[in-house]
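# A look at the structure
Spelled out from the first residue to the last, the chains are:
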Amino acid sequence: PTHQVYLDEILPDGIRTLDTLLIVNGDFSYRMEHEEAGLFRLRFSDTNFLTFSGKGNDRLVFSGNAEDLPHTYSVRGNISSDILWKANCRINEMYALTDSLSRLFVQAKNGEEIQKISQTLDSCYNARFQICKNHLEALIRNHPEDIAVLPVFYQRVGTRPFFSEKEDTALFQEMVKN
């Protein structure tokens, strides 16, 4: 079977579709013309895509379920894409935890101990959020010069950002000076 996937470039002012790639029997090949590292995504839809970094001489290998790329993909070939993949894995864990805690809250919301349960769930969420934030911060601090840390810095779970330029000034400055 033949499928299409879109190659998009992620730019400071938006996203630009560069090409449409044909996937034949689960494989595709594409040669990047970018000499400088950039941020890109392979997209089946606006909610089903993977993000990577690449430049002209990189040889990247992608794998994953085309029906659910954000939760199943992996990429090999350069450190930048590995940083993005590791961040994506941690953020997916946070979303899975948030969904689980939300289900527990809904089950308990009419119970007599809802206040205590709510506090326990909030405590669990906040502790895991901090663990995820620490992991993302380590990725940034270990690779402050890498283009991939920019989107890592601006990640969020729902509406809650992990970092802000105002509250995490030293981390932000370390990143942008490179």
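Residues numbered from 1 in each chain as written. Predicted model: local features only at pLDDT ≥ 70, side-chain atom pairs only at ≥ 80, totals over all residues. Heavy atoms only, no water.

### With respect to helix 3 (residues 114-142)
Residues separated by three or four positions in an α-helix point in the same direction, a consequence of the helix having 3.6 residues per turn. In this model helix 3 runs 42 Å from its N-terminal to its C-terminal C-alpha over 29 residues, within 8% of the 42 Å that 1.5 Å per residue would give. When helix 3 is considered as a whole, its buried residues turn out to be Leu121, Tyr125, Phe129, Cys132, Lys133, Leu136, Leu139 and Ile140. On its buried face, helix 3 sits against helix 2 (79-108), helix 4 (149-153), strand 7 (156-157), strand 8 (160-161) and helix 5 (169-176). (Helix = DSSP H or I, 4+ residues; strand = E, 2+ residues; numbered from the N terminus. Expected span 1.5 Å × (residues − 1). Buried < 20%, exposed > 50% of the residue type's maximum accessible area, 1.4 Å probe, protein only. Contact = heavy atoms within 4.5 Å.)

### Some points on the pattern of salt bridges
One pass over the full model with this rule turns up eight salt bridges. Notably, a salt bridge pairs Asp8 with Arg43, separated by 2.6 Å at the nearest N-O pair. You can see Asp8 sitting in strand 1 (residues 2-11) and its partner Arg43 sitting in strand 3 (residues 38-43), a full 35 residues away along the chain. Judged by its relative accessible area of 0%, Asp8 is buried. Note that Asp168 and Lys133 form a salt bridge whose closest N and O atoms lie 3.7 Å from each other. Separated by 35 residues along the polypeptide, Asp168 in the loop between strand 8 and helix 5 and Lys133 in helix 3 bring together distant segments of the chain. Accessibility expressed as a relative area gives 15% for Lys133, which makes it buried. (Salt bridge = Lys/Arg side-chain N within 4 Å of Asp/Glu carboxyl O.)

Without other data, these values stay purely geometric and don't point to any function.
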